[in-house]
Amino acid sequence: MKLTVLGIYGGYPYAGSASSSYLLQSEDGFNLLLDAGSGSLLALEHYLDPFELDAVLLSHYHHDHASDIGVLQYYYQLHPGEKRQSVLPIYGHNQDFISFANLSMDGITKGYPYFDYQPLDLGPFEISFLRTQHPVPAYAMRITEKTTGKVFVFTADTAYFEDLVDFSRDADLLLTDTNFAKDKTGRKWHMTSEESAQLAQKAGAKSLLLSHLPQTIDHQQILAEAKEVFSHAEIAKVGLIQKI
């Protein structure tokens, strides 16, 4: 597998970077767009023709993860060219009925639900889901490439909780929501640098990628704090490619 970072920020795009979005590609060339935050369509075009997508997978429907679904649908409706998928499948949970319904655009895209009680068989991937601790329904994803057995875990938006440890067990790459420095106190709906690193350490992950980053805290500070706990950590940057 190969992961390309398209957007790194939580909340809103900033300084030329999109909010949360990633391109996951299998060994045999399956192209999966993972979240579609604000600015992600423009970012995607630097690395892949959007018509080459095989599917889109959304962790939840907050705008910083899903706002570009609408313009992606318009792209598929209006832009000339041959599509790999004549109707693009978009996978999301169905606990927000209006947002789930909006994944479907007649003859353009089709929404499909996933569930945390059964794995999703999607092309070369088997994907399991864990509901996270967030103000709206959101799901972490454990993606296994069938041919290689490699495992990629994306926490999506979440506060730290112990169930994440088993869910992330032995991941080859763990991608975490790291929106705070370690000194953050009070109620949190995202993890700190230290909590992300502790999760990687407890789960026995091989490597850690910190993303969903803050706009107003130095990212090198976030990385340094994580590395105090887990040395195989890296900070997400637009265009960063991680082989899994």
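As the structure is a computational prediction, the values presented were derived from the model and not from experiment.

Rules used in this analysis
Residues numbered from 1 in each chain as written. Predicted model: local features only at pLDDT ≥ 70, side-chain atom pairs only at ≥ 80, totals over all residues. Heavy atoms only, no water. UniProt positions renumbered as here; feature names shortened; annotations may be inferred. Helix = DSSP H or I, 4+ residues; strand = E, 2+ residues; numbered from the N terminus. Patch = residues over 30% accessible without salt bridge, like charges linked within 9 Å, V, L, I, M, F, W, Y side chains within 5 Å. Areas by Shrake-Rupley, 256 points an atom, 1.4 Å probe, with all protein chains shown as cover. Salt bridge = Lys/Arg side-chain N within 4 Å of Asp/Glu carboxyl O. Buried < 20%, exposed > 50% of the residue type's maximum accessible area, 1.4 Å probe, protein only. Core = buried A, V, L, I, M, F, W, Y, C linked by side-chain atoms within 4.5 Å. Contact = heavy atoms within 4.5 Å. Arc of directions from axis to C-beta. Phe/Tyr/Trp six-rings, centres within 6.5 Å; stacked < 30°, edge-to-face > 60°. Lys NZ or Arg CZ within 6 Å of the ring centre and 35° of its normal. Polar contact = N/O pair within 3.5 Å; in protein donor to acceptor, adjacent residues only side chain to side chain. Pairing = 2+ DSSP bridges.

According to UniProt, the positions carrying the feature "domain: Metallo-beta-lactamase" (unreviewed entry) are residues 18–212. End C-alpha to end C-alpha, residues 18–212 measures 10 Å, and it is 21% helix and 31% strand.

On the surface, Val71, Tyr74 and Leu78 cluster together into a nonpolar patch covering about 330 Å² of accessible area. Its location among the elements puts valine 71 in helix 3 (residues 69–78). In this structure valine 71 comes out as partly exposed when scored by relative accessible area, which is 39%.

This brings us to the nonpolar core. In a soluble, globular protein the nonpolar side chains are often hidden away together inside. Counting residues in each nonpolar core, the largest one holds 58 residues, and the members touching the most others are Leu3, Leu24, Leu57, Ile127, Met141 and Phe152. When near neighbours in sequence (up to four residues on either side) are disregarded, isoleucine 127 contacts Leu57, Pro119, Leu120, Leu122, Met141, Arg142 and Ile143. Counting residues in each nonpolar core, the second largest holds 24 residues, with Ile69, Phe100, Leu103 and Ile108 among its members.

This part is about helix 3. Listed as buried for helix 3 are Ile69, Leu72, Gln73, Tyr75 and Tyr76. Along helix 3, the residues classed as buried sweep out an arc of 155 degrees about the axis, all on the same side. Elements in contact with the buried residues of helix 3: strand 4 (31–36), helix 1 (40–44), strand 5 (55–57), helix 2 (63–66), strand 6 (88–92) and strand 7 (109–113).

What follows deals with the pattern of salt bridges. One pass over the full model with this rule turns up nine salt bridges. The salt bridge partner of aspartate 121 is lysine 146, with a shortest N-O separation of 2.3 Å. A residue pair is termed long-range when its members are at least 10 positions apart, and aspartate 121 in strand 8 (residues 120–122) and lysine 146 in the loop between strand 10 (139–145) and strand 11 (151–154) qualify at 25 residues.

This model, assessed by the stated rule, comprises 10 aromatic pairs. Centroid distance tyrosine 114 to tyrosine 139: 5.7 Å. Interplanar angle 85 degrees. Geometry classified as edge-to-face. Placement of tyrosine 114 in the loop between strand 7 and strand 8 and of tyrosine 139 in strand 10 is noted, with a sequence separation of 25 residues between them. Among the residues examined, tyrosine 139 registers a relative accessible area of 4% and is labelled buried. An aromatic cluster of three or more residues is present, and its members are Tyr9, Tyr12 and Tyr14. In this structure, lysine 83 packs its charged tip against the face of phenylalanine 51, placed 4.9 Å from the ring centre.

Within the fold, asparagine 179 resides in strand 12 (residues 173–180). Separated by 93 residues in the primary sequence, asparagine 179 and serine 86 have C-alpha atoms spaced 37 Å apart. The residues contacting asparagine 179, other than those within four sequence positions of it, are Gly10, His190, Met191, His212, Leu213 and Pro214. Separated by 2.9 Å, the side chain of asparagine 179 and the backbone oxygen of histidine 212 make a polar contact.

On to the pairing of strand 3 (residues 21–25), then. A regular strand places its side chains so that they alternate between the two faces of the sheet. The buried fraction of strand 3 is high, at five of five residues. The two faces of strand 3 match: Ser21, Leu23 and Gln25 on one face and Tyr22 and Leu24 on the other face are all buried. As paired strands, strand 1 (residues 2–9) and strand 3 are joined by five bridges and run antiparallel to one another. Bridging across to strand 3, leucine 3 finds its partner in leucine 24. The sheet contact formed by strand 3 and strand 4 spans five bridges and is antiparallel. Looking across to strand 4, one finds that leucine 24 is bridged to leucine 32. If you look at the hairpin formed by strand 3 and strand 4, you'll find five residues sitting between the two strands, and glycine 29 has a positive phi there, around 95 degrees.

Okay, the side chain of threonine 155 next. Topologically, threonine 155 is positioned in the loop between strand 11 and helix 5 (163–167). At a separation of 3.0 Å, a polar atom in the side chain of threonine 155 contacts the main-chain amide nitrogen of aspartate 177. Residues within four places of threonine 155 in sequence aside, it is in contact with Thr132, Ala140, Leu174, Leu175, Thr176, Asp177, Met191 and Leu199.

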